[in-house]
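Analysis of the macromolecular model
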Amino acid sequence: MAITDIKEFAHLSEADMEAFGRELDSIRRDVEDSRGERDAAYIRRTIRLQRLLELGGRAVLLGSKYRPAWIAGTAMLSVAKIIENMELGHNVMHGQWDWMNDPEIHSTSWEWDQTGPSEQWKRAHNYSHHTYTNIVGMDDDIGFGILRMTRDEPWKPINLVQPLANIVLATTFEWGIALHDYDAQKQLDGEDQKGLLKSPASRAFARKIAKQVGKDFVLFPALSGPAWKSTLTANATANLVRNLWAYAVIFCGHFPDGAEKFTIGQFETETRPEWYLRQMLGSANFEAGPVMAFMSGNLCYQIEHHMFPDLPSNRYSEIAEKVHALCEKYDLPYTTGSLGKQYLLALRTIHKLSLPDSWLRATSDNAPETSSERRWREGDSPTVHALRIDPLTGQRRGLRSAMQEARVSLRNAKKEAKRQAKSLRRSGDRVSL
């Protein structure tokens, strides 16, 4: 099963956990105390840039019947939509800029350029996902209800088509998120059985769809006059580009190897330091320079975002240095890798878990995409858990050491198995002679 005791899994004592939590609380306080004009200027510049790109793209697309204008306008509109979705909408609605008390840049007033209403997204994402991150049975973002992303979820025949479902989800990501949030809102409101447009959630969803579809596929194409068809395809292409990018960023932050899953029992007794640790172990980063970080809404720092979702996104890079140092100090893994590597690991899980468990070798205790504290009880590294301090070096021994030793043990076991197989083949050859 998924992780039931996060302290045991991480090889941390009670004292370690308390100290770990205090240091993370200190990081939060330092950022909160230092927020100021530099941060406010950053978000205002970002808003200006996004609006100029969108305005410029819309203007160029008035002449979209000419191919260079179509390409330039589509590119500008795609970038504008990505910035609005990732660095503005997502982060503003997390409350990262509420401290400015600016009514135009506030989580209660921002409505993003996406199909789903912001209020429904905030309810499903800010509350459900960020409270119950990666808890099987509580966090509906584990596979978004259509993909099996952990062996803790029972296999069903419908999972055989999830490689295809994944492609559909990627290309229509804003719609997938909107429907996911809409279903979550209805469940929270107790309105599951009400018909279409008979509940407040349904009416709000319908209004937002009409607004988005009308803007991108009726109003702006109509303003282009004779070029309406090419403008319509440009808008559709920009939405597709935004969907694919947002999908890739989200999947790279939630589903590569090392993004662990947890049980409800772990949550029921969870302390604040354990909450921090669950966010860290349940998330993954990807390596990015300043431009890619900006275009990802700084969600290349998904670990830091899950630990501090309401701190300004432009501060995540400096927070990441401190969090990484804490991982070194407490010998905890800091899951990161290139964008391509992280996505390929997530894609491998999608295809692998589409198959029945009987076709798979590992279990949810020792699979590469997820594991539990039971892996240490089963002999992968039987001595590590008892050694929190290395008697020779005086250094702390924790989860990362255990995982490294387990990998070395596995490699050695494979080498020994190959050696024995080769020896058996040779002895068989001698017998046949």
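Everything here concerns the structure above.
Remember, it's a predicted structure, so these values are computed and weren't measured experimentally.

1. Looking at helix 5 (residues 118–131)
- Taking 1.5 Å per residue, 14 residues should reach 20 Å; helix 5 reaches 18 Å between its end C-alpha atoms and fits that length.
- Buried positions along helix 5 lie against helix 4 (67–92), helix 7 (173–189), helix 8 (200–223), helix 9 (228–254), helix 11 (272–281) and helix 13 (302–307).

2. A word on the pattern of salt bridges
- Per the counting criterion, the structure on display carries 23 salt bridges.
- Aspartate 310 serves as the salt-bridge partner of arginine 28, at 2.7 Å between the closest nitrogen and oxygen. Taken as a pair, arginine 28 in helix 2 (residues 14–34) and aspartate 310 in the loop between helix 13 and helix 14 (316–329) lie far apart in primary sequence, 282 residues in all.
- Given the relative accessible area of 14%, arginine 28 is considered buried.
- Across the salt bridge formed by lysine 208 and glutamate 111, the nearest N and O atoms sit 2.7 Å from each other. Highlighted residues: lysine 208 in helix 8 and glutamate 111 in the loop between helix 4 and helix 5, separated in sequence by 97 residues.
- Looking at lysine 208, the relative accessible area reads 5%, which means it is buried.
- Residue glutamate 111 is classed as partly exposed on the basis of its relative accessible area of 35%.
- Through salt bridges with shared partners, a single network forms among Glu54, Arg58, Lys81, Asp113, Lys215 and Asp216.

3. Digging into the nonpolar core
- Judged by nonpolar contacts, the single largest core of 79 residues is most densely connected at Leu277, Val323 and Leu332.
- Sorting elements by how many residues they give to this core places helix 9 first, with 8 residues.

4. What to know about the packing of helix 9 against helix 15 (residues 339–352)
- Interhelical geometry of helix 9 versus helix 15 gives an angle of 80° and a closest axis separation of 9 Å. On the basis of their axis angle, the class for helix 9 and helix 15 is roughly perpendicular. Of helix 15, the residues touching helix 9 (which contributes Trp245, Tyr247, Phe251 and Cys252) are Leu339, Gln342, Tyr343, Ala346 and Ile350.
- Taken together, the residues of the contact of helix 9 with helix 15 break down into 8 nonpolar, 1 polar and no charged.

So, how was this worked out
- Residues numbered from 1 in each chain as written.
- Predicted model: local features only at pLDDT ≥ 70, side-chain atom pairs only at ≥ 80, totals over all residues.
- Heavy atoms only, no water.
- Helix = DSSP H or I, 4+ residues; strand = E, 2+ residues; numbered from the N terminus.
- Expected span 1.5 Å × (residues − 1).
- Contact = heavy atoms within 4.5 Å.
- Salt bridge = Lys/Arg side-chain N within 4 Å of Asp/Glu carboxyl O.
- Buried < 20%, exposed > 50% of the residue type's maximum accessible area, 1.4 Å probe, protein only.
- Core = buried A, V, L, I, M, F, W, Y, C linked by side-chain atoms within 4.5 Å.
- Axes fitted to C-alpha atoms, helices over the stretch in contact; angles between N-to-C directions.
- Parallel < 35°, antiparallel > 145°, perpendicular 65-115°, else oblique.
- Nonpolar A, V, L, I, M, F, W, Y, C, P; charged D, E, K, R; others polar.

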